[in-house]
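Tertiary structure, described
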Amino acid sequence: MLLRRGALVVLAALALAAQVAAVRDPSFRVHAPTNAEHNHEKVQVYYYMESLCPDCAKFGAGALSDAVDELSDLMDLYVVAYGNERYNETTDKYTCQHGPEECYMNLVENCLDFYSNDDYRNYYPFFKCADEIAASVFPNVDGVSAKIMAKCGSTLPGNLTPQDLDACAKDSLGETLIAISKYNTDTLDPPHTYVPWVVVDKKPIHLTFNNISAIVCDEWSRLNDASPPAQCSQFFEASEAVEEAGVCYL
Ligand SMILES: *[C@@H]1O[C@H](CO)[C@@H](O)[C@H](O)[C@H]1NC(C)=O
Ligand SMILES: *[C@@H]1O[C@H](CO)[C@@H](O)[C@H](O)[C@H]1NC(C)=O
């Protein structure tokens, strides 16, 4: 029995490795270290979200996208797509606040994170594209996942295709990945009470997430005992005027 179970685990691992090798492409990452990166510690940003929450889409296509464009030297970002999704142990099924298309897109985004080696420089363009499309159709999200898959393929890294993501979302790899994101979301301390839920160097920043760039700049400066780099000044100037946050509650 033990042997059999062990063999199954090995087989599953081999199948997974083959799947990964088929789409992982070492040329994804073309990035030389800059001055700010050299010998400096990066701020660790975790963004807990769900794919079709209007406020997540707004943040992902707006303030967070600006941070990604300007501050990638200063921060590491991990996007965890699960949010207020629920798992029912009796039925072994997941349900989502914004319907089955949200559950599907959460799977797709988990697959993309995985195939991108969890490097947001690889996966963020797709998230942004998806968020822009989602934000443009709210409140009617019917058919939005098909639209995103049809329109955002060109933003994917390397040779990755929407078909790869769809295949992953529909098989056990997707299931494994969403279970990991469920675990990472459920074990948040303190727990999240809404999304977007943004954690900067282990501290949730609650409703100030639209100020993310100024917060990252400040934290980087503190962490490295150094003045914030030049690209931060625009965010400090704008930080009094940041937009009020809306959220999707649990
Ligand atoms: C799980 O699903 C079962 C069967 O549909 C239902 O009776 C139960 O209330 C659900 N549990 C939760 C926690 O939603
Ligand atoms: C945004 O963050 C910066 C840096 O921490 C802070 O100085 C500023 O007051 C914040 N703005 C708002 C509106 O919270």
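Scroll up for the structure.
Just so it is clear, the model here is predicted, and its values are computed rather than measured. (Residues numbered from 1 in each chain as written. Chains lettered and ligands numbered in written order. Predicted model: local features only at pLDDT ≥ 70, side-chain atom pairs only at ≥ 80, totals over all residues.)

1. What about helix α9 (residues 212-224)?
Taking 1.5 Å of rise per residue, 13 residues should cover 18 Å, and α9 covers 18 Å from first to last C-alpha, within 8% of that figure. Turning to α9, its buried residues are I212, S213, A214, I215, V216, C217, E219 and W220. Tucked into the core, α9 has its buried residues touching β1 (43-49), α3 (63-71), β2 (75-81), β6 (197-200) and α10 (233-238). Looking at the residues trailing α9, positive phi occurs at D225, about 50°. (Helix = DSSP H or I, 4+ residues; strand = E, 2+ residues; numbered from the N terminus. Expected span 1.5 Å × (residues − 1). Buried ≥ 20, exposed ≤ 12 C-beta atoms within 10 Å, placed from the backbone. Contact = placed C-beta atoms within 7 Å.)

2. Some remarks on the nonpolar core
By size, the foremost hydrophobic cluster in this structure holds 66 residues, and its most contacted members are Y47, C111 and V216. Here the element with the most residues in this core is helix α4 (residues 100-115); it accounts for nine residues. Apart from the residues within four sequence positions on either side, C111 is in contact with L165, C168, A169, L173, G174 and L177. (Core = buried A, V, L, I, M, F, W, Y, C linked by C-beta atoms within 7 Å.)

3. Some remarks on the packing of α3 against α9
The N-to-C vectors of α3 and α9 enclose an angle of 40°; their axes lie 8 Å apart at closest approach. Viewed along their axes, α3 and α9 adopt a mutual orientation that is oblique. Together, A63, L64, D66, A67, E70 and L71 of α3 and I212, S213 and V216 of α9 make up the contact between the two elements. Residues that form the contact of α3 with α9 fall into these classes: six nonpolar, one polar and two charged. (Axes fitted to C-alpha atoms, helices over the stretch in contact; angles between N-to-C directions. Parallel < 35°, antiparallel > 145°, perpendicular 65-115°, else oblique. Nonpolar A, V, L, I, M, F, W, Y, C, P; charged D, E, K, R; others polar.)

4. Remarks on the site of ligand 2
Surveying the vicinity of ligand 2 reveals the residues T208, N211, A214, I215, D218, S239, E240 and V242. Here the residues of the shell around ligand 2 are counted per class, giving three nonpolar, three polar and two charged. (Near = placed C-beta within 6 Å.)

5. Looking at the packing of helix α2 (residues 54-61) against α3
In the contact formed by α2 and α3, the axes pass within 3 Å of each other and the chain directions differ by 30°. Judged on the interaxial angle alone, α3 and α2 are roughly parallel. Residues F59, G60 and A61 of α2 lie in contact with α3, whose contacting residues are A63, L64 and S65. Within the contact of α2 with α3, the residues separate by chemical class into four nonpolar, two polar and no charged.

6. Digging into the environment of A134
Positionally, A134 belongs in helix α5 (residues 120-137). Setting aside residues no more than four positions away along its own chain, A134 makes contact with L52, A57, V141 and V144.

7. A short note on the sheet that holds β6
Strand order in the open sheet formed by four strands is β2-β1-β6-β7, with mixed pairing between adjacent strands. Each of the sheet's edge strands pairs with one partner strand only, and the pair in question is β2 and β7 (203-204). Pairing analysis gives four bridges linking β1 to β6, with the strands arranged antiparallel. Considered in β6, the bridge of Y47 is made with V198. (Pairing = 2+ DSSP bridges.)

8. Side note on the environment of Y104
Take Y104: it is sitting in helix α4. Under the C-beta neighbour-count criterion, Y104 is labelled buried, with 21 such atoms within 10 Å. The sequence separation of Y104 and K170 amounts to 66 residues, and the corresponding C-alpha distance is 8.5 Å. Beyond its immediate chain neighbours, meaning those up to four positions away, Y104 contacts S145 and A169.

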